[in-house]
Amino acid sequence: MPALANNELRIVGFLCNWCSYGGADTAGVARASQPTDLRIIRVPCSGRVDPLFVLKALLNGADGVLVSGCHPRDCHYGTGNFYARRRLEVLKRFLPILGIDPARFSYTWVSASEGQRWQKVVSRFTEEIHALGPAPRFEAVEPLAKACSWTQESKGPVSVISPELLEQLKKAIADKLPELDCVLGWQEGRDLLHSVPLFIRSEDDLTKLRCDATCHNNLVRYLPDLKGQKVGIIVRSCEARSVVQLLQEGLISREELVVFALPCQGLLDLPRLEEALGRYQRLEDLTLTETTLRLRVDGQERVFQTADFRQSRCEQCPGELPAIADQSFGDFSGQTASQTLPPELAFLDSLNLQERMGFWRACMERCILCHACRNSCPMCVCRDQCIAESREPHWQSAEASVKEKFFFQIIHALHLAGRCTGCGECQANCPVGLPIFALRAHLNRIVSELFDGYQAGCDPKAVPPLLTYSQEEAHIHERSWE
Amino acid sequence: MSSDRFLAHTAIGDFLEGLVQTGYTVYCPQKEPGVRQSVIFAPWQKGLPISLEKATVAPKHLVLPQSEVLFRYSKHKESAEPAKQSLTLDANEIFTPTLLFASRPCDARGFAILDRPFLQGLFRDPYYARRREALCVVSLTCPSGCATCFCHWTGAGPSSPEGSDILMTEIAEGFVLQGITDKGKELLLASKLPEAGEKSQEATKARKAAWQSLSPVQDLSTAPQKLAEIFADQAFWSQATQACLACGACTYLCPTCYCFNITDESLDGENEQGVRLRSWDTCMAKQFTEEASGHNPRPDKAQRMRNRISHKFSSYPENWGSFSCSGCGRCVTHCPVGLDIREIVLKAIHAKTAQQNEKETS
Amino acid sequence: MRIGVFICHCGSNIAGTVDCAQVAAKAALFPDVVYATDPMYTCAEPGQAAIEEAIHSHKLDGVVVASCSPRMHEPTFRKTVERAGLNPYMFEMANIREHVSWIGRDIEANTRKATELVRLAVEKLRHNRPLQAQEFPITRRVLIIGGGVAGIQAALDCADGGIPVVLVEREATIGGKMAKLDKTFPTVDCSACILGPKMVDVAQHPLITLYAHAEIEAISGYVGNFSVSIRQRTTYVDWSKCTGCGTCTEKCPSKKSYDHFNEGIAPTTAITIAFPQAIPKKAVINKDFCRQLNGKKCAVCAKVCPTGAIDFAMEDSFVTENVGSIVVATGYDLMDWTIYGQYGHGRYPDVITSLAYERLMNASGPTGGHIVRPSDGKEPKSVVFVQCVGSRDPAIGRPYCSGFCCMYTAKQAILTKDHIQDSQSYVFYMDIRAPGKMYDEFTRRAQEEYGTHYIRGRVSQIFPDGQGQLTVLGMDTLLGRPVEIKADLVVLAVGIEASRGARELAEKLRISYDAYGFFLESHVKLKPVETNTAGVFLAGVCQGAKDIPASVAQGSAAAAKVLTLFARETLASNPQIAQVTAKRCVGCGKCLRCCPFGAIKSSLVKGEEKAEVIATMCQGCGLCTATCPQGAIQLAHATDDHILAEVNALCRL
């Protein structure tokens, strides 16, 4: 397309066929003069508007995007705009964390008879976009490689499971094992500091079981793939929430699952520990207490305070174990709710919009699209059918540009809206350390604000908020154009 | 005349600046802040700090970019006769001279491993060739091994020169730069760096010390044959990959993985146009070798992991006489679930074949 | 593809502010476009012929027309391309009239915008695939919900047209509100005399199955094939045995039952027949007042019933009926006027609703048609009518007009004078709304011939004066002074609201309702009977306030829609529906959860749960497509790729 004339900006409208498109027709019939910037894409229903279309437009050069549908309760299809309202409101609040001015996106309701209202909506929105001027282009923005502290002041201990408790757990698993295909746990990996998943299928496997603060993998990731098998799983509070979320979504079956629950005070942040440890050849010994981690590395004794290396996500733990355990071990009273802001989110909050976009731009230069973030996410249930890689639908070009990489990160984040249980695996497994958990933490914050403190994975009976609606939304005040 | 030169710690900036002046784009490791600190090869500009740490991502992208335009296509027609159209293809890419500074010998050896299929096979890949020819590799001797790397198992070591044009070794006040290839020697001779002289011996000592610090070598010489024998052992591969998440971290961080995919991506304009892209593929992904019919000869992750291991330690060696693994250990360091390629290969070497199993049971 | 583009001038409608020739010239350069032209009138006969001709001569396999709104002529042009042998869905439209030429005067900007909209349409068309509608058989029976006058009219029209009717009425008798009325305006003819015969017709029509004292429990299915579960609420009387003789009602010892039919102006017995002309004329026991059902020894009715029809053990039963179409005629209820303190919160027996007043005036009512005060049975001489009680009152969230109160109040004032010659009626009103045929004349008669005193203003307070009368304080806004009237009886014209349970029913029917619970028609002007759920039609006040003639007319209109629908043996489904790529589906069921039409089911494909679209149920909203994270379910011609193509064409520079 040729560049627009100087006085026009690129504004994309998604209008539902039944109400707003008709309203725009009515405005036309009434010869209601309007600015010429807006280009309308006709969709059957505002509920058809995937928020990703809006982001695609904004990342590809739109200066403004407007979605308009039937008034709530007036949807041609009954409930489409109720869903749209939730999703679009989440989207609008999500934009700032990406560095996109939320004023560049708006959604509203215009009925087929409201030609005048449509004229007002178009005129006002166009005016507002002109006031903002052309949108900054993600690929052209100055990268901002800002150094910041990712550590979070922590007083909390980390988990140490006593040998007695571990034996108790092993015994319980051994008792159950004959009726199970396998039990998911952890074991020592390449050295004592690095734990890896363990698939317990025999008593022999069971001897390798380890459940301390080095065990960071969220084993729930494996459950959907094991559907049809009878599986046991060892969970702590964060894994338990992932289990609950998958149960809510019907992706795993409760009957096929035996849940062994352990208390947890916190986990070690291995990437930071590795950084502090530096390059080493051999890790010879490890002693872990709730407060101290002693390592012997290449013959040298190294001592770390665990509080300095507690995972920041443990600072946001809701504490309480969701009620899904079949068998619980140990004392859960030490698990207290803590609701601090994740450091990566606090950092992004401290930046202005332009800086945020520059920051993500710098991050995306490092992203190699290895998809470790996605594939380690227990909630990324699309698995091999992720739209980021499919050719039909063709959401993304194979070009490894910063824009395409960013769009992938946006897909991943938005698909987690209202579903992310905050385990932080995405970020923990990023080889280049991108703070992508901030996107999810921000979405979780939005969802909590909009839907009465909703937290994913806490209530097995809850419906994820973006998969339902209410006719009157207590916390969504749609944009009024009066 | 020896081309060995001495580069003082304090002179690195000037040296690199000189290279930039002569037209090189210089890539060197730079520390990036993040939740996990990473070291990335990025274009260097005057004033930027450099790091001498081993990079998080191998510098493979300098010869095989994550995605590259093979050509642009564009269709043209006239308003008067829209049914008639012509097609233009444009593959004019300009490759600028590039210098990679302070990569590790395992990174450089990755280039040598890539060179064989891309340059020495039946077909010489013109895109790769032009990038490779424009690249000068300056590697830094590793002072020691680390917990995950194993170059010495794969037939090399912390100062192996293979793939490098220049090998630099750190000594007390700076580095000794030693020309390996003609390209490297010429560059050093043309530089204003002082001759290394006796410092070369110091560097030799440092290299020896590095070799001595390594953990014991494991013998992988039987790997090609053993892997071929257990190729059909589904149970072995399923067991080895049950924790695998099928992400692509191992292959994308790897200096030697070179599988790619080719796609056409349309661009919008008044006329129809687009690009043909070559982009990294990963054998860990379900889409790898998926055919247009939907059939995939490697439908599950076990078979795809088998592909990765067997290619590196069996089929590539059969074709080219060397492992397609430089032992950099990045796949081990960064695997989200700690899968260890060393462990899998060793297990394969000690695995009993189906025939052996049969014998034992009978 | 070989695409032809037609840029319509629409006379000067488009060409006046868009350079159509330039748009066509640019369109010719777009991908896959092999022919582009700018005809004067594309929709006219020669214009359509030119499209057909171009399809043949340029071997086009897709057509874009840039002209008016697709809401206007998309069906027209689909037929055009179909005549020339193309699939009708290989067609796209760009709206360059309503959205371009009519809303801006800058020719350069308009031309650029039109060009881009054409580009959008071309990109969309490039992703189109031929779509085929499916034919499916239909059940030619109709369900009518509500047996008021609108429902009765619709039922009789449908049945007379040969369509079997299932009529469901919540009360024990059909007739609705009209059956309670004494006379009707503006003719002052007897309500029972005109409605009664129609009710009898319903009872006697061989094609009408009547379920009285019944409610809709659940509805599934879709146009052509709905399955309806009907809850037959227990009556404790076996209607197959009850002859309606009325012996039980005479002997029933529980004589203090609330009489719903008579709006509670007098008590009745626990076992009742609503009124003498009730259809069906069957007895019903009011459980709340029956002694036997409340643990006391009684069963008098059972003893006296000559056919042994009384059955105290009876429970609700369920019937399933299959129908192809549904007419909703659930009418209205009066709002709860007792929220108004100024009218006494319902504490004063002589402040009554106009509907209760109808029962007082009605010869078949408890007073035999004598107007008397509920408090002391005396004839009122001074009657005050208060209009707009709960209508047009934004303060309580009811800004709408109830439509017919002005008229029946005039009627009631006239009838009051007829009944009590020496009475004086007063009417407090806001505006007199009498727009129908002979309506304004009627209200004038009330004033001029019957001496009704009309006071423009609201009543501020009603209270007993302690001497047996009510003091009515109000304001005469025309004279600008306060008014005080001594009244023997006050009649409130209470505003209407959607019938109790309307919202729940709407949700079962998947139709929309407005903020007040009235059902929403498909289009305010052009589809006043249709709803947004195909095959569901509206009649009467359930759609909005209207009087008897309008309700009857809408009942007939709804019947006409049903007969139109059933004029064919089969229906064609909309082919623009969601389709599942089973390979991509992970069986998470998010689409099932969101689908407003229950059009997606889970089915096993090679042992794995996958979503499956029921083609004839899908209405094409695309909510599932926006919900599915892996893009496995795609709405035909509004797929992700379609919309992405449009977005990309617009945004990428």
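Calculation notes
Position numbers for residues count from 1 along each chain, tracking the sequence in the order it is written. By the order in which they are written, chains take letters starting at A while ligands take numbers starting at 1. This being a predicted model, a pLDDT of at least 70 is required before a residue's local features are given, and a value of 80 or more before pairs of side-chain atoms are given or counted; all residues contribute to the totals for chains, interfaces and linings. Excluded from the side-chain calculations are hydrogens and water; all other atoms, namely the structure's heavy atoms, are used. Runs of E in the DSSP output that reach at least two residues are strands. Runs of H or I that reach at least four are helices, and both are numbered from the N terminus. Radius of gyration here is computed from C-alpha atoms only, and the compact-globule reference equals 2.2 Å multiplied by the residue count raised to the power 0.38. Here the term buried applies to any residue with accessible area under 20% of the maximum for its type, exposed to any over 50%, and partly exposed to those in between, with areas from a 1.4 Å probe on protein chains only. Residue exposure ignores everything except the shown protein chains as possible cover, and the areas themselves are Shrake-Rupley values with a 1.4 Å probe. Only four residue types enter the tally: Lys and Arg on the positive side, Asp and Glu on the negative side; His and the chain ends are excluded. Charge placement uses NZ in Lys and CZ in Arg. For Asp and Glu, CG and CD serve respectively. In short, DSSP must find at least two bridges between two strands for them to pair. Axis lines are fitted through C-alpha atoms, for helices just across the contact stretch, and the angle between N-to-C directions can take any value from 0 to 180 degrees. Each nonpolar core is a collection of buried residues, namely Ala, Val, Leu, Ile, Met, Phe, Trp, Tyr and Cys, held together in the definition by side-chain atoms within 4.5 Å. The criterion used for residue contact is that any of the two residues' heavy atoms lie within 4.5 Å. When the centres of two rings from Phe, Tyr and Trp lie within 6.5 Å, Trp using its six-membered ring, the rings pair. Their planes under 30 degrees apart give stacked, over 60 give edge-to-face, and anything left gives tilted. Charge-over-ring placement is defined geometrically: NZ (Lys) or CZ (Arg) within 6 Å of the ring centre, and within 35 degrees of the ring normal. A right-handed crossover is one whose linking path, passing over the helix from the first strand to the second, runs clockwise when the strands point away from the viewer. Polar contacts here mean pairs of N or O atoms no more than 3.5 Å apart (in protein, one a potential hydrogen donor and the other a potential acceptor; neighbouring residues in sequence count only if both atoms are side-chain atoms). When two parts are brought into contact, each loses some accessible area as probed by a 1.4 Å sphere; the total of that loss over both is the buried area. Any Lys or Arg side-chain nitrogen located within 4 Å of an Asp or Glu carboxyl oxygen qualifies as a salt bridge. Basically, the charged four are Asp, Glu, Lys and Arg, the nonpolar ten are Ala, Val, Leu, Ile, Met, Phe, Trp, Tyr, Cys and Pro, and anything else, Gly included, counts as polar. Disulfide assignment relies on a single distance test, namely cysteine sulfur atoms paired within 2.5 Å. All domain edges in this entry derive from an automatic or database-based domain assignment.

(A) The arrangement of the overall build of chain A in detail. Scanning chain A for helices and strands turns up 14 helices and twelve strands. The globule rule puts the C-alpha radius of gyration for 482 residues at 23 Å, and the 25 Å found for chain A is close to it. By its C-alpha atoms, chain A is 80 × 45 × 40 Å across when sized along the principal axes. Going through the 482 residues of chain A one by one, you find that 67% of them count as buried. In the structure as shown, chain A presents an accessible area of about 16,000 Å², 49% of it carried by carbon and sulfur atoms. Mean positive and mean negative side-chain charge positions of chain A (53 and 60 charges, respectively) differ by 4 Å.

(B) Main features of the sheet that holds strand β16 (residues 325–328) of chain C. Residue and element names in this part refer to chain C. Taken in spatial order, the five strands of this open sheet run β10-β7-β6-β16-β27, and their pairing is parallel. Whereas interior strands pair on both sides, the edge strands pair on one side only; in this sheet they are β10 (208–211) and β27 (536–538). Geometrically, the sheet is characterised by an average inter-axis angle of 20° between neighbouring strands, direction not taken into account.

(C) Expanded view of the nonpolar core. Counting 220 residues, the largest nonpolar core has Phe14(A), Phe94(A) and Phe313(B) as its most contacted members. Ignoring sequence-local partners within four residues, the contact set of Phe94(A) consists of Leu55(A), Ile410(A), Ala413(A), Leu414(A), Leu439(A), His442(A), Leu443(A) and Ile446(A). Grouped together as the second largest cluster of nonpolar side chains are 85 residues, Ala154(C), Leu156(C), Ala212(C) and Cys248(C) included.

(D) Region of the structure containing the packing of aromatic side chains. What the rule picks out here adds up to 37 aromatic pairs over all chains. Relative to Tyr258(B), the ring of Phe118(B) lies with its centre 5.5 Å away and its plane at 70°, an arrangement referred to as edge-to-face. Note that Phe118(B) is positioned in helix α2 (residues 105–119) and Tyr258(B) in the loop between α8 (249–253) and β10 (260–267), a separation of 140 residues in sequence. Tyr258(B) matches Phe118(B) in its accessibility class, with the two residues each being buried. Geometrically, the ring pair formed by Tyr340(C) and Tyr343(C) is tilted, given 5.3 Å between the ring centres and 50° between the ring planes. Members of the aromatic cluster, each reached through a chain of ring pairs, are Phe138(A), Phe347(A), Phe359(A), Trp360(A) and Phe406(A). Positioned over the ring face of Trp280(B) is Lys60(B), at 4.6 Å from the centre of the ring. The side chain of Arg119(C) reaches across the aromatic face of Phe30(C), ending 5.1 Å from its centre.

(E) Focus on the pairing of strand β1 (residues 3–7) of chain C. Residue and element names in this part refer to chain C. In terms of burial, β1 is largely enclosed, as five of its five residues are buried. Residues Ile3, Val5 and Ile7 point to one face of β1 and Gly4 and Phe6 to the other, with burial holding for every one of them. In this structure, β1 lies alongside strand β2 (residues 33–37), joined through four bridges in parallel fashion. Within β2, the residue paired with Phe6 across the bridge is Thr37. Where the polypeptide runs from β1 across helix α1 (residues 20–27) and back to β2, its parallel neighbour, the crossover connection is right-handed. Strand direction decides the pairing type here: β1 and strand β3 (residues 62–67), joined by five bridges, are parallel.

(F) Structural detail: the side chain of Arg272(A). Checked against the element boundaries, Arg272(A) lands in helix α8 (residues 270–277). Polar contacts involving the side chain of Arg272(A) include one to the main-chain carbonyl oxygen of Asp308(A), which spans 2.8 Å.

(G) Inspection of the interface of chain C and chain A at higher detail. Chain C puts 60 residues into the contact, and the matching count from chain A is 70 residues. Together, the buried faces of chain C and chain A total about 5,900 Å²; carbon and sulfur atoms form 56% of this surface. Contact with chain A buries area across many residues of chain C, yet Arg71(C), Ile103(C) and Arg593(C) alone supply 11% of it, more than any other trio. One salt bridge connects Arg42(A) with Glu74(C), and the closest N-O pair in it is separated by 2.7 Å. Across the contact surface, chain C and chain A share 23 residue pairs in polar contact (both at pLDDT 80 or more). Residue assignment for the side of chain C that touches chain A shows that the elements contributing at least two residues are α3 (70–83), α4 (97–101), α5 (107–127), α15 (590–594), α16 (623–627), β32 (633–635) and α17 (640–651) of chain C. Of all the elements, α17(C) adds the most residues to the side of chain C that touches chain A, at ten residues. Looking at the side of chain C that touches chain A residue by residue, the classes come out as 27 nonpolar, 17 polar and 16 charged.

(H) Focus on the state of the cysteines. All names here are of chain A. On inspection of all chains with the given rule, the structure shows one disulfide over all chains. Through a disulfide, Cys19 is tied to Cys70; the S-S separation comes to 2.3 Å. Its S-S torsion of approximately 95° makes the covalent link between Cys19 and Cys70 right-handed. Pair noted here: Cys19 is in the loop between β1 (11–16) and α1 (20–29) and Cys70 is in the loop between β3 (64–69) and α3 (80–98), with a separation of 51 residues, a long-range link. Between Cys317, a cysteine without a disulfide, and Cys238, which holds the nearest cysteine sulfur, the sulfur-to-sulfur distance is 6.6 Å.

(I) Broad picture of the domain arrangement of chain C. Residue and element names in this part refer to chain C. Partitioning chain C into domains gives domain 1 (3–126), domain 2 (146–224 + 322–331 + 505–565), domain 3 (234–315), domain 4 (334–497) and domain 5 (578–636). When each unit is reduced to the centre of its C-alpha atoms, the spacing between domain 2 and domain 3 is 28 Å. In this assembly, eleven residues from domain 2 lie in contact with 13 residues from domain 3. Of the roughly 970 Å² buried between domain 2 and domain 3 on both sides combined, carbon and sulfur atoms contribute 72%. Here Glu263 and Lys180 are joined by a salt bridge, their closest N and O atoms 2.7 Å apart. Taken together, the links from domain 2 to domain 3 amount to four residue pairs in polar contact (both at pLDDT 80 or more). A per-element tally of the side of domain 2 that touches domain 3 places helix α7 (residues 191–204) first, with three residues. Partitioning the side of domain 2 that touches domain 3 into residue classes produces eight nonpolar, two polar and one charged.

(J) Quick peek at the pairing of strand β24 (residues 481–487) of chain C. Residue and element names in this part refer to chain C. In the sheet, strand β23 (residues 470–476) pairs with β24 via seven bridges, with the strands oriented antiparallel. Along β24, the bridge assignment pairs Thr471 with Lys486. Turn length for the β23-β24 hairpin, with the two strands adjacent in sequence and antiparallel, is four residues, and the turn residue Gly480 shows positive phi of about 70°.

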